[in-house]
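# Observations on the model geometry
Spelled out, the chains give:
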Amino acid sequence: MAIQGPIDIGFDQVFPHGCYLVGEVQQVKDFDASTNGRTVYAKDKTTGLPVWQVSVVDADPDAKASQKSVTVKILTDVQPVPPPPLPGLPFTPVEFDGMTVTPYVGQDTGRLAYSLRARAMRAPRTTIPTKQTTAPASASAKNATTTETSKEIAA
């Protein structure tokens, strides 16, 4: 089979309605390598980078309640820092860069599940459509033009 390992996927494909941080960033423990007095932290098998995890809530209004909370693992040398919370919101909106998905069969349920990984966590980028109308400079101008543009603003 041509597909081996994690599959690259865009944030907008995973969370088309966005997602919100609902937990702390935690380093993932390697339970197999840890012993009673010694904690060993997980490293990604492919990159060797430390693995961190964070819980998020999917903002999709049609998502089932049992599928709303999702864990995203982040592969990076240093602990990811969440973006600052926005005033008036109970949860902090976040986006992830460099996402991959790995399908697997859950041992407890026997059902298809997905492991989500990312390379970075950041504040969402907001695209705001604006209309710009250019009026004719003189009566001899042929047509006024209206242009739709998008402006990217870091939230």
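About the cut-offs
- Residues numbered from 1 in each chain as written.
- Predicted model: local features only at pLDDT ≥ 70, side-chain atom pairs only at ≥ 80, totals over all residues.
- Heavy atoms only, no water.
- Pairing = 2+ DSSP bridges.
- Helix = DSSP H or I, 4+ residues; strand = E, 2+ residues; numbered from the N terminus.
- Buried < 20%, exposed > 50% of the residue type's maximum accessible area, 1.4 Å probe, protein only.
- Contact = heavy atoms within 4.5 Å.
- Core = buried A, V, L, I, M, F, W, Y, C linked by side-chain atoms within 4.5 Å.
- Phe/Tyr/Trp six-rings, centres within 6.5 Å; stacked < 30°, edge-to-face > 60°.
- Salt bridge = Lys/Arg side-chain N within 4 Å of Asp/Glu carboxyl O.

## Re the pairing of strand β8 (residues 112-118)
One ladder, built from three bridges, connects strand β5 (residues 69-75) with β8; its direction is parallel. Looking at β8, one finds that Lys73 is bridged to Arg117. Linking two consecutive strands that pair antiparallel, namely strand β7 (residues 100-105) and β8, is a turn of six residues; a positive phi of about 75 degrees is found at Gly110 within it.

## Considering the environment of Ser55
With respect to the helices, strands and loops of the structure, Ser55 is situated in strand β4 (residues 51-58). Its relative accessible area of 26% is what places Ser55 among the partly exposed residues. On a C-alpha basis, the gap between Ser55 and Tyr20 in space is 8.5 Å, while along the polypeptide they are 35 residues apart. If we skip the residues at most four places from it in the chain, Ser55 touches Tyr20, Leu21, Val22, Gly23, Val70 and Thr71.

## Considerations on the nonpolar core
Ranked by size, the top nonpolar core spans 19 residues in total, and within it Phe15, Val54, Val56 and Phe96 carry the most contacts. Listed by contribution, the elements that provide at least two residues to this core are α1 (11-14), β2 (19-21), β4, β5, β6 (92-97) and β8. Not counting the four nearest positions on each side in its chain, Val54 is found in contact with Leu21, Gly23, Glu24, Val25, Val70, Thr71, Val72, Ile74, Phe96 and Met121. Val28, Ala42, Leu49 and Val51 belong to the second largest nonpolar core, which has five residues in total.

## So, the packing of aromatic side chains
Scanning all chains against the criterion turns up two aromatic pairs. Here Phe11 and Phe15 contribute two aromatic rings whose centre-to-centre distance is 5.5 Å and whose plane-to-plane angle is 40 degrees, an arrangement assigned as tilted. Here Phe11 and Phe15 have matching classes, each one buried. On the basis of relative accessibility, which here comes to 9%, the residue Phe11 falls in the buried class. Every member of this aromatic cluster is reached through a ring pair, and the members are Phe11, Phe15 and Phe96.

## Let's talk about the pattern of salt bridges
For the structure shown, the criterion picks out three salt bridges. One salt bridge in this structure joins Asp44 and Arg117, with 2.7 Å as the shortest N-O distance. Taken as a pair, Asp44 in the loop between β3 (26-27) and β4 and Arg117 in strand β8 lie far apart in primary sequence, 73 residues in all. One exposure class covers both Asp44 and Arg117, and it is buried. A salt bridge links Glu95 to Arg122, with the nearest nitrogen and oxygen atoms 2.9 Å apart. You can see Glu95 sitting in strand β6 and its partner Arg122 sitting in strand β9 (residues 120-122), a full 27 residues away along the chain. Judged by its relative accessible area of 12%, Glu95 is buried. In this structure Arg122 comes out as buried when scored by relative accessible area, which is 17%. One network of salt bridges, in which partners are shared, links Glu95, Asp97 and Arg122.

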